[in-house]
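Read off the chains here:
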Amino acid sequence: KNEVEQSPQNLTAQEGEFITINCSYSVGISALHWLQQHPGGGIVSLFMLSSGKKKHGRLIATINIQEKHSSLHITASHPRDSAVYICAVGGGGGADGLTFGKGTHLIIQP
Amino acid sequence: DSGVTQTPKHLITATGQRVTLRCSPRSGDLSVYWYQQSLDQGLQFLIQYYNGEERAKGNILERFSAQQFPDLHSELNLSSLELGDSALYFCASSVVAGDTDTQYFGPGTRLTVL
């Protein structure tokens, strides 16, 4: 079973700061997902990646398959980015579903 | 709005009871996943259906069961409820099976067992 570790668990930053959230996993995967969960509970899929780097607006996700590590970066952070960010990995072929990290609780102060 | 709908939004019931949670996937999505989010366990994968057939099982208890109907909506049945079953239950859908497809999450059903 894959173990997914995220760091930091909690992060408070000032508006405009560059944010990095890290995710590492123990077993080779087919894909890694970054999810965002708002205070109201809704979950939004931000990225799904199996190699390299993806960018969407101010969000950038990278993955290093050899090192079993991924990072989520937020540039020019804004209070509306305050949320829980969750890393999840798939084992391949849908056989095991997604395994989730415990999440990073991010607060951006104005 | 992800296009995935879940009903009801909130459910309060007593120990020992049985409840049914309903999920309608995005139009065109064949795969439905059920997840449980509790304070102590975090998010956990329960079960996946693809085009009406069970495809993968996770940490689903024997008291829980699910099915996907011909119109692709899915139901999660929870029986002999215990206090520890109190959680947020999400369903998600994707076009195909497999973990390499983006999953779209519904708003969740908050279950409280008293």
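This structure is a prediction, so every number in the text was calculated from the model and none was measured.

A.B. asks: Can you lay out the sheet that holds strand S3 (residues 19–25) of chain A for me, pointing to particular residues and giving the numbers?
C.D. replies: All names here are of chain A. The 5 strands lie next to each other as S1-S3-S8-S7-S6, forming an open sheet whose pairing is antiparallel. On the outer flanks of this sheet lie strand S1 (4–7) and strand S6 (52–56), each paired with one strand and no other. In this sheet, adjacent strand axes meet at a mean angle of 15 degrees when their direction is disregarded. Inspection of the sheet shows S6 paired to strand S7 (residues 59–64) by 5 bridges, in the antiparallel sense. Across the sheet, the residue bridging to Gly52 is Ile63, located in S7.

A.B. asks: Outline the sheet that holds strand S7 (residues 64–68) of chain B, supporting the account with residue identities and numerical values.
C.D. replies: All names here are of chain B. Read across the open sheet, the 4 strands follow the order S1-S3-S8-S7; overall the sheet is antiparallel. At either margin of the open sheet sits one strand with a lone partner, and together these are strand S1 (5–7) and S7. Each adjacent strand pair in this sheet contributes to an overall mean axis angle of 15 degrees, direction not counted. The pairing of S7 with strand S8 (residues 74–78) spans 5 bridges and is classified as antiparallel.

A.B. asks: I'd love a proper account of the state of the cysteines, names of residues and values included.
C.D. replies: As used in these notes, a disulfide is a covalent bond between sulfur atoms, one from each of two cysteines. All names here are of chain B. Summed over all chains, the structure comprises 2 disulfides over all chains. The disulfide that involves Cys23 links it to Cys91, with 1.9 Å between the sulfurs. Between Cys23 and Cys91, the S-S torsion sits near 70 degrees, and that sign places the bridge as right-handed. On the criterion of sequence distance, the pair formed by Cys23 in strand S3 (residues 19–24) and Cys91 in strand S9 (residues 87–94) is long-range, its members being 68 residues apart. Assigned by exposure class, Cys23 and Cys91 land together as buried.

A.B. asks: Tell me about the nonpolar core, and please be specific about residues and values.
C.D. replies: Leu32, Trp34, Phe47, Leu72 and Tyr85 of chain A are the most contacted members of the largest nonpolar core, which totals 23 residues. If we ignore the near neighbours within four places in the chain, the residues touching Leu32 of chain A are Cys23, Tyr25, Phe47, Met48, Leu49, Ile63, Ser70, Cys87, Ala88 and Val89 of chain A. Core analysis: the next-biggest nonpolar cluster, separate from the first, contains 21 residues, Leu11, Val32, Ala66 and Leu78 of chain B among them.

A.B. asks: Go over the environment of Gln44 of chain B, please, and point to the residues and values.
C.D. replies: The residue Gln44 of chain B is located in strand S5 (residues 42–50) in this model. Exposure remark for Gln44 of chain B: the relative accessible area of 17% places this residue in the buried category. It is 17 Å that separates the C-alpha atoms of Gln44 of chain B and Cys23 of chain B, two residues lying 21 residues apart in sequence. Aside from chain neighbours lying at most four places away, what touches Gln44 of chain B is Phe100 of chain A together with Trp34, Tyr35, Gln36 and Asn59 of chain B. Reaching out from Gln44 of chain B, the side chain makes a polar contact with the side chain of Asn59 of chain B at a distance of 2.8 Å.

A.B. asks: Requested: an account of the side chain of Asp85 of chain B, with residues and values cited.
C.D. replies: All names here are of chain B. Inspection of the secondary structure puts Asp85 in the loop between S8 and S9. Residue Asp85 is classed as buried on the basis of its relative accessible area, which comes to 3%. Once residues within four sequence positions are removed from consideration, Asp85 is found in contact with Gln36, Leu61, Arg63, Phe64, Ser80, Leu111 and Val113.

A.B. asks: Give a description of unusual backbone geometry that names residues and reports values.
C.D. replies: Here the residue pair Ser7 of chain A and Pro8 of chain A is connected by a cis peptide bond, since its omega of -5 degrees sits within 30 degrees of zero. In this structure, Pro8 of chain A sits in the loop between S1 and strand S2 (10–14). That bond from Thr7 of chain B to Pro8 of chain B is cis: its omega, -10 degrees, falls within 30 degrees of zero. As for its placement among the helices and strands, Pro8 of chain B is situated in the loop between S1 and strand S2 (10–13). Of note in the backbone geometry, Ser80 of chain B takes a positive phi value of approximately 45 degrees without being a glycine. Inspection of the secondary structure puts Ser80 of chain B in the loop between S8 and S9.

A.B. asks: Pulling in residues and values, what's your account of the packing of aromatic side chains?
C.D. replies: Under the counting rule described, the total for this entry stands at 6 aromatic pairs over all chains. Judged by centre distance (6.2 Å) and plane angle (10 degrees), the rings of Tyr33 of chain B and Tyr35 of chain B are stacked. For the pair shown, Tyr33 of chain B and Tyr35 of chain B are each scored as buried. In this structure an aromatic cluster arises from ring pairing among Phe100 of chain A together with Tyr33, Tyr35, Phe45, Phe90 and Phe105 of chain B. The ring of Tyr104 of chain B has Arg26 of chain B sitting right over it, with the charged end atom 3.7 Å from the ring centre.

Procedures and definitions
- Residues numbered from 1 in each chain as written.
- Chains lettered and ligands numbered in written order.
- Predicted model: local features only at pLDDT ≥ 70, side-chain atom pairs only at ≥ 80, totals over all residues.
- Heavy atoms only, no water.
- Pairing = 2+ DSSP bridges.
- Helix = DSSP H or I, 4+ residues; strand = E, 2+ residues; numbered from the N terminus.
- Axes fitted to C-alpha atoms, helices over the stretch in contact; angles between N-to-C directions.
- Disulfide = S-S within 2.5 Å.
- Buried < 20%, exposed > 50% of the residue type's maximum accessible area, 1.4 Å probe, protein only.
- Core = buried A, V, L, I, M, F, W, Y, C linked by side-chain atoms within 4.5 Å.
- Contact = heavy atoms within 4.5 Å.
- Polar contact = N/O pair within 3.5 Å; in protein donor to acceptor, adjacent residues only side chain to side chain.
- Phe/Tyr/Trp six-rings, centres within 6.5 Å; stacked < 30°, edge-to-face > 60°.
- Lys NZ or Arg CZ within 6 Å of the ring centre and 35° of its normal.

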